[in-house]
Every structure is written in C-alpha cells, then in structure tokens.
Protein chains: 2
Amino acid sequence: MTATLETLAQQLREHGHKLTQPRCAVLHALLSTAKPLSPAEIQALGQGFCADLGLVTVYRTLELMEEIELVRPVHLADGCHGYVLATPGHTHHVICERCHAVIEISGCGMGDFLNFVAERTGYRITGHWLEISGLCADCQHIP
Amino acid sequence: MTATLETLAQQLREHGHKLTQPRCAVLHALLSTAKPLSPAEIQALGQGFCADLGLVTVYRTLELMEEIELVRPVHLADGCHGYVLATPGHTHHVICERCHAVIEISGCGMGDFLNFVAERTGYRITGHWLEISGLCADCQHIP
DNA sequence: ATCCTAATTGAAAAGACTTTTCAATTAGGA
DNA sequence: TCCTAATTGAAAAGTCTTTTCAATTAGGAT
Ligand SMILES: [Mn+2]
Ligand SMILES: [Mn+2]
Ligand SMILES: [Zn+2]
Ligand SMILES: [Zn+2]
C-alpha cells in the first residue's frame, strides 16, 4: 500500500492532530521525491503549496510526524540528515550515494549477528541503527 | 595491543603531524575513558593536561585524527555524536544506553544480509553504518 | 644549544542550524 | 456561525561548528 496524501492526512487525524495547510505542504514535499529532504528543502518545496510556510513550522511538523512514525530521519554519509516518509515498524534504508535515492527495507536480517555481538560483549542488545549506502540501479550505469 | 599515549603519538608523527601539547591533551582525554566524548567534554578533560586547550583546537585535532583513523565518531541515540579511540579498519560499536560504555567489534558479520539487500534492491552496496545499543554487563544489574 | 620556518594555536567573529517565545491566525467541534 | 484550543510565522535566543588572523611552537637545520 503506497502512501498518499489522503492516507497520511488520515494518520495525522487519528493521532488527534489538526490537518492544516502547512502540514499538508510538508506532506506534499515529502511525497514529491524518494530522497531524504532537509528541513530547508521541505520548506522550499512546500511553499509551492502553502506560500508562506515557515521553517519553524517545518521543524515542528517533522518532530510531530516522527513521533507518529510518518517520517523517519536518515543519516547521510556526511552525518547530517534528511527526512523521508516511512512505513511503521522496524526498517532500514539503502541510500544511493550519487543521487540519494532511498529504498526502504522492511524487516531485519541481522538477528544472528546481534546474537553473536551479545555473546561476545556481554551486552543485552536493545536496538540498532543501520544505514546502507550504495549505487542505485540507474547510477551504476552513469560513471 | 592496547593503545597508549606513545603508540598514538607515534601514529601522528608517522603521518607527518607535529606532536603538540594540545594534541597530547586530546589523546589524554580520549584515553581516560571508554565512553564517547563530545568536543566540549574533550576540552574540559584535556585542560587537565594543557591548561588553555581551546575548543577550536579540539575540533581541528579530532578532524585530523579521524582522517588517520585514530578516532571515530559515534552516533548516540539522540543523533549527536562523540568520539572514541579506534582501531584501524572496519569496526562497529556497541554502546550502553545507560552509562555509554563502548565496546568495539572488529570485523563485520553482515555479509549475507548485505547480499540480500543488493538482490532485493538492485543497488550495488558500497558501505554501511551500524551502531548497536544495549545494556552493558554492569548496567544490566542496576535497575 | 640556537636559529629558522612552516605548522599550529587560541580568541574573536562569522556562520549554520535549531529551539523558544509570543501575539495573531486557523481548524474543526459545538 | 461561533468559540476555543491548537497551530502558525516572525523575531529572538541558543547551540554547535567553522573561518580568520596574529601570535606561538615543534622540530629540523645549523
Ligand atoms: Mn534491523
Ligand atoms: Mn560492518
Ligand atoms: Zn542513484
Ligand atoms: Zn552501562
């Protein structure tokens, strides 16, 4: 099931939040691309839908949407991060290092490795953060 | 082989850098704990060895040491990060979410998972970033 | 041991990004 | 349509990092 403005808006309402023009503009921006967007980029794109969308509102909206798992922060190679629409639950992202296209991987294939780490270190493992970088199918053909 | 001030200093020299008092102070600070330290924390600890160690110098020194793989940034849960001494090569870290103690895992047990991701997505995988969080052996006993 | 010079330093300023404050506006139920 | 709490944008404040630049320092050459 692909996210649409309607499904996303519905999730906002289900969590008791108002569906405002600025919030719609943020959703429009995120829906317009599969790449992570910075708050400033979201503002710029969002102003096509809500002309005076403020950067402060973008920050507040992203914080809100992150809480209800509508968006997820993505750490890029240089450490700073952008935001992408997310499906709920535990996922990982593969990011093209050339064009920044993101594909979400649902599920987690790291169980065995984490068990090994637990035995090796004596830690009780409670979570992990994984970002995978590579070249997308398109970018492999563009040297 | 555990890192000492002498081995670390030697590595700086081998890369053609001067061994200055401020740089020694940063190494002292990093050697004094197994937890990730922020630039400000490194400055505070380092001033025990070099009284007027400046924060700007800490930033410059960390950048330098990161280039020669003497230190590594560690992303904490809240996104900001600290630095720890690192062994060269590909490693991962396990961080205690209560006391922040870090253990380094050398090697990488994710080959199979990354192959799966490559097949699933069509991406050519070139790198990954993984941080594991948990409770260290000590902290498991302290509710 | 002393000199010399490029590397390095700290303070101050600038810059980038994020959060707080607050009066005005708005969504959506009554 | 009215009402009110939620939400908004602008401005200010705050945090963290980088740049600039004159002064200092490490370490090789004498
Ligand atoms: Mn996982
Ligand atoms: Mn690995
Ligand atoms: Zn690409
Ligand atoms: Zn612990």
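Here the structure is a predicted model, which means the values were calculated and not measured.

Conventions we followed
Residues numbered from 1 in each chain as written. Chains lettered and ligands numbered in written order. Predicted model: local features only at pLDDT ≥ 70, side-chain atom pairs only at ≥ 80, totals over all residues. Heavy atoms only, no water. Pairing = 2+ DSSP bridges. Helix = DSSP H or I, 4+ residues; strand = E, 2+ residues; numbered from the N terminus. Axes fitted to C-alpha atoms, helices over the stretch in contact; angles between N-to-C directions. Near = heavy atom within 4 Å. Polar contact = N/O pair within 3.5 Å; in protein donor to acceptor, adjacent residues only side chain to side chain. Nonpolar A, V, L, I, M, F, W, Y, C, P; charged D, E, K, R; others polar. Donors = N, O, S within 2.8 Å, 3.2 Å for Na, K, Ca; no water. Buried < 20%, exposed > 50% of the residue type's maximum accessible area, 1.4 Å probe, protein only. Phe/Tyr/Trp six-rings, centres within 6.5 Å; stacked < 30°, edge-to-face > 60°. Parallel < 35°, antiparallel > 145°, perpendicular 65-115°, else oblique. Contact = heavy atoms within 4.5 Å. Least-squares fit on C-alpha atoms with pLDDT ≥ 70 in both.

Trainee: I'd like a description of the sheet that holds strand β5 (residues 124-135) of chain A, backed by residues and values.
Mentor: Strand order in the open sheet made by the six strands is β4(A)-β3(A)-β5(A)-β5(B)-β3(B)-β4(B), with mixed pairing throughout. Sheet topology places β4 (102-106) of chain A together with β4 (102-106) of chain B at the edges, where each strand pairs with a single neighbour. For this sheet, the mean angle separating the axes of adjacent strands, direction not counted, is 20 degrees. With four bridges connecting them, strand β3 (residues 91-96) of chain B and strand β5 (residues 124-135) of chain B associate as parallel partners. Note on β5 of chain B: the bridge partner recorded for H93 of chain B is E131 of chain B.

Trainee: Lay out the protein's contact with DNA strand C in plain terms, naming residues and giving numbers.
Mentor: For DNA strand C, the set of nearby residues contains 18 residues, the closest of which are L19 and Y59 of chain A together with T20, T57 and R60 of chain B. Across the atoms of DNA strand C situated within 4 Å of the protein, the share located in sugar and phosphate is 66%. D52 of chain B places a main-chain nitrogen or oxygen 3.0 Å from a phosphate oxygen of DNA strand C. Within the side chain of R60 of chain B, an N or O atom sits 2.5 Å from a base nitrogen of DNA strand C. Contributing elements (two or more residues each) for the surface near DNA strand C: α4 (55-67) of chain A together with α2 (21-31) and α4 (55-67) of chain B. Looking at the surface near DNA strand C residue by residue, the class counts come to six nonpolar, six polar and six charged.

Trainee: Hey, could you go over the coordination of the manganese ion (ligand 1) for me, with residue numbers and the actual values?
Mentor: All names here are of chain A. Distances from the manganese ion (ligand 1) to its protein donors, namely H90 (NE2), H92 (NE2), C108 (SG) and H128 (NE2), fall within the range 1.9 to 2.3 Å. Of note, the manganese ion (ligand 1) draws all its donor residues from one chain, in the sequence arrangement H-x1-H-x15-C-x19-H. Of the two residues, C108 sits in the loop between β4 and α5 (111-121) while H128 sits in strand β5, which places them 20 residues apart along the sequence. You can call H128 buried: its relative accessible area is 19%.

Trainee: Give me the pairing of β5 of chain A: which residues, what numbers.
Mentor: The pairing of β5 of chain A with β5 of chain B spans eleven bridges and is classified as antiparallel. The partner of L135 of chain A across the bridge, within β5 of chain B, is R124 of chain B.

Trainee: Give a description of the protein's contact with DNA strand D that names residues and reports values.
Mentor: Inspection of the region around DNA strand D gives 18 residues, with T20, T57 and R60 of chain A together with L19 and Y59 of chain B positioned closest. Taken together, the sugar and phosphate atoms account for 67% of what DNA strand D places within 4 Å of the protein. D52 of chain A is positioned with one of its backbone polar atoms (N or O) 3.0 Å from a phosphate oxygen of DNA strand D. The separation between a phosphate oxygen of DNA strand D and a polar main-chain atom of G54 of chain A is 3.2 Å.

Trainee: Can you explain the packing of aromatic side chains? Please cite residues and give values.
Mentor: Residue and element names in this part refer to chain A. A full pass over the atoms with the stated rule returns two aromatic pairs over all chains. Residues F113 and F116 carry aromatic rings whose centres are separated by 6.2 Å and whose planes lie at 25 degrees to one another, so their mutual orientation is stacked. Here the residue F113 and the residue F116 both occupy positions in helix α5, the gap between them amounting to three residues, near one helical turn.

Trainee: Account for the packing of α2 of chain B against α4 of chain B, naming residues and giving values.
Mentor: Two numbers describe a pair of packed helices, the interaxial angle and the distance between the axes. Residues and elements named next belong to chain B. Running from N to C, α2 and α4 point in directions that differ by 75 degrees, and their axes come no closer than 10 Å. Taken together, the axes of α2 and α4 lie roughly perpendicular to each other. Facing P22, R23, V26, L27 and L30 of α2, the residues of α4 in contact are T57, V58, T61, L62, L64 and M65. Partitioned by chemical class, the residues of the contact of α2 with α4 number eight nonpolar, two polar and one charged.

Trainee: Account for the relation of the copies chain B and chain A, with residues named and values stated.
Mentor: Taken as rigid bodies, chain B and chain A are interconverted by a rotation of 180 degrees and an axial shift of 0.0 Å, the fit giving an RMSD of 0.1 Å. The superposition of one copy onto the other is thereby described by a two-fold rotation axis. No C-alpha of chain B lies nearer the rotation axis than that of L130 of chain B, which sits 2.2 Å from it.

Trainee: Please give an account of the coordination of the zinc ion (ligand 4) that cites residues and values.
Mentor: Residue and element names in this part refer to chain B. Each protein donor to the zinc ion (ligand 4) is listed here as C96 (SG), C99 (SG), C136 (SG) and C139 (SG); together their distances run 2.2 to 2.4 Å. Read N to C, the donor residues that coordinate the zinc ion (ligand 4) are spaced as C-x2-C-x36-C-x2-C. Pair noted here: C96 is in strand β3 and C136 is in the loop between β5 and α6 (137-140), with a separation of 40 residues, a long-range link. With respect to class, C96 is no different from C136; both count as buried.

Trainee: Let's hear about unusual backbone geometry: which residues, and what values?
Mentor: All names here are of chain B. Backbone geometry places E69, a non-glycine residue, at a positive phi of 60 degrees. Here E69 shows up in the loop between α4 and β1 (71-75). E69 gets classed as partly exposed once you look at its relative accessible area, which sits at 36%.

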